Amino acid sequence: MDRTSLTWKVTPDLLGVVDASGVFMDTNPAWFRTLGLLPEEIESRQFFDFLHPDDMSRTEAAFERVKHGQPVLQFENRYRHKDGSYRWLSWNAVPEGDRFYCNARDVTEAKMNAAHLADREQEARFREQFIAVLGHDLRNPLSAVGAALRLLENEPQSAKALEILALGRQSVTRMSALINDILDFARSRLGEGIDIARSESTDLRPVLSQTVEEIRLANPGTPITESYSFADPMDCDTGRIAQLVSNLLSNAVTHGTPGKPVTVAADDDGGDFVLSVANHGDPIPAETMTLLFEPFTRSGTRESQNGLGLGLYIAQQIAAAHGGHLSAESDERLTVFTLRMPRG
């Protein structure tokens with residue numbers, strides 16, 4: 001190609017002419033734009049001088065093919081930039097007499113995007129495997145352990161053995177809850193959100209009462225009061241709402257003042273269902289409030305070893321899945337978490 005032509009001067013592709021020994025005879029201005037190299041820094045030098053060491057043998061084999069009359073198409077290798085970095089180039093080369101004409105396009109960004117995509121796909125596969133392990137390989141054996149402990153509790157045992165079995169069963173229940181929290185977290189982070197199965201014909205009030213009773217039995221030192229004035233049935237996933245309330249109650253009991261009551265209230269406000277959980281205790285610090293619904297953070301003023309810091313995050317996800325919102329207020333008197341969501 002005539003080096004005085006407009007194409008030679010303005011094309012973004014690197015154009016070059018190489019002799020049989022691999023020495024550049026001519027290059028166009030794109031070399032400077034792509035690799036920061038001026039003609040005098042390239043011409044009269046072999047192309048091997050610019051190659052990444054790992055690409056030497058492949059490039060030498062390709063050059064042998066073109067010297068034997070075979071064109072080389074879309075051959076990729078790395079050339080060194082003047083600043084010491086490397087750029088991926090995709091080459092086409094054809095022989096013409098004792099000269100070899102070649103052009104190259106910078107494909108560095110495309111290679112990086114492809115590598116990033118491959119990494120993301122691999123991460124997704126790892127997450128899917130992680131969820132599968134939690135959902136089956138851990139949860140099923142744990143259920144079997146829980147069932148075995150319950151069977152042993154029904155057999156004649158000493159008082160001490162029954163106490164140990166009860167502690168073991170509580171640990172299994174807690175481990176199962178932690179696994180469920182991690183499963184919900186992993187699914188939400190995969191973009192699937194929290195699964196809900198709405199039902200228009202199920203009463204929510206008895207579900208709330210049962211959930212409160214479970215927390216009450218596990219925490220006999222904390223009084224829990226209930227106040228409900230909403231209309232049943234509710235168009236919601238009652239199991240998920242129970243999970244939300246359980247998380248809020250556990251948080252309130254853990255971080256509230258020991259012996260002070262925790263209050264659960266629910267009523268209708270226009271077309272919305274509003275539920276609140278309130279506890280006495282130290283106010284949540286302002287710096288903590290900003291991270292309250294973030295995963296793996298602690299929600300109160302005292303450190304808790306009872307979970308992974310996922311409870312409030314999952315509660316917020318459940319609220320969002322119902323088209324609702326979970327908020328918190330905290331002062332010297334009370335800390336109150338409030339769920340507000342459309343009734344249907």
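Conventions adopted
Residues numbered from 1 in each chain as written. Predicted model: local features only at pLDDT ≥ 70, side-chain atom pairs only at ≥ 80, totals over all residues. Heavy atoms only, no water. Helix = DSSP H or I, 4+ residues; strand = E, 2+ residues; numbered from the N terminus. Buried < 20%, exposed > 50% of the residue type's maximum accessible area, 1.4 Å probe, protein only. Contact = heavy atoms within 4.5 Å. Areas by Shrake-Rupley, 256 points an atom, 1.4 Å probe, with all protein chains shown as cover. 1 Å grid on protein atoms, 1.4 Å probe; cavity = no way out; pocket = protein on both sides within 12 Å on 5 of 7 lines; lining within 4 Å. Points joined across faces, edges and corners; volume = space filled by probe spheres on them. Nonpolar A, V, L, I, M, F, W, Y, C, P; charged D, E, K, R; others polar. Phe/Tyr/Trp six-rings, centres within 6.5 Å; stacked < 30°, edge-to-face > 60°. Lys NZ or Arg CZ within 6 Å of the ring centre and 35° of its normal. Pairing = 2+ DSSP bridges. Axes fitted to C-alpha atoms, helices over the stretch in contact; angles between N-to-C directions. Left-handed = near helix turned anticlockwise from the far one by under 90°.

## Some words on the overall build of the chain
Reasoning step 1: Within the chain, the secondary structure is distributed over ten helices and ten strands.
Reasoning step 2: Across the 344 residues of the chain, 38% fall into the buried class.
Reasoning step 3: Counted over contacts in the chain with a minimum sequence separation of 6, partners at least 24 positions apart contribute 57%.
Reasoning step 4: With an accessible surface of roughly 18700 Å², the chain has 53% of that area assigned to carbon and sulfur atoms.

## What to know about empty space enclosed by the protein
Reasoning step 1: Considering all chains together, one arrives at three cavities of 30 Å³ or more under this definition.
Reasoning step 2: Roughly 230 Å³ of internal volume is contained in the largest cavity.
Reasoning step 3: In terms of lining residues, the largest cavity is bounded by 15 residues, among which F47, F63, W91, A93 and C102 are the most central.
Reasoning step 4: Elements with a contribution of two residues or more to the lining of the largest cavity: α4 (56-67), β3 (72-80), β4 (86-96) and β5 (99-106).
Reasoning step 5: Considered class by class, the residues forming the lining of the largest cavity number 13 nonpolar, two polar and no charged.

## Concerning the packing of aromatic side chains
Reasoning step 1: Going through the model one piece at a time under the given rule, you end up with twelve aromatic pairs.
Reasoning step 2: With 6.1 Å between their ring centres and 45 degrees between their planes, W31 and W91 make a pair best called tilted. Taken as a pair, W31 in helix α2 (residues 30-35) and W91 in strand β4 lie far apart in primary sequence, 60 residues in all. The residues W31 and W91 share a single accessibility class, namely buried.
Reasoning step 3: Aromatic side chains F50 and Y79 sit 6.3 Å apart centroid to centroid with 10 degrees between the ring planes, which places their arrangement in the stacked category. In this pair, F50 sits in the loop between α3 (39-42) and α4 while Y79 sits in strand β3, placing the two residues 29 residues apart along the sequence. The residues F50 and Y79 share a single accessibility class, namely buried.
Reasoning step 4: The rings of F24, W31, F50, Y79 and W91 are connected pair by pair, giving a single aromatic cluster.
Reasoning step 5: The ring of F230 has R205 lying over it, and the distance from NZ or CZ to the ring centre is 4.9 Å.

## Structural notes on the sheet that holds strand β10 (residues 335-342)
Reasoning step 1: One open sheet accounts for five strands, arranged β6-β7-β8-β10-β9; its pairing is mixed. Edge strands, defined here as strands with exactly one partner in the open sheet, are β6 (224-229) and β9 (325-330). Mean inter-strand twist for the sheet, computed between neighbouring axes without regard to direction, equals 15 degrees.
Reasoning step 2: Both strand β7 (residues 262-269) and strand β8 (residues 272-279) contribute to a ladder of eight bridges, which runs antiparallel. Pairing of D268 across the sheet is with F273, part of β8.
Reasoning step 3: Packed on one face of the sheet, helix α7 (residues 205-218) meets β6, β7 and β8 and runs near 175 degrees to β6.

## A few points about the packing of helix α8 (residues 238-255) against helix α10 (residues 311-321)
Reasoning step 1: At their nearest, the axes of α8 and α10 sit 9 Å apart, and the two run at 145 degrees to each other. Relative to α10, the crossing made by α8 is left-handed. Facing α8, whose interface residues are R240, I241, Q243, L244, N247, L248 and N251, α10 presents G311, L312, I314, A315, I318 and A319.
Reasoning step 2: A class-by-class count of the residues in the contact of α8 with α10 yields eight nonpolar, four polar and one charged.

## Digging into unusual backbone geometry
Reasoning step 1: P233 follows D232 through a cis peptide bond whose omega is -5 degrees.
Reasoning step 2: Although it is not a glycine, S44 sits at a positive phi angle of roughly 75 degrees.
Reasoning step 3: One can find S44 in the loop between α3 and α4.
Reasoning step 4: Residue classification places S44 among the exposed positions, given a relative accessible area of 65%.
Reasoning step 5: The phi dihedral of Q74 is positive, around 50 degrees, even though this residue is not glycine.
Reasoning step 6: Relative to the assigned elements, Q74 resides in strand β3.

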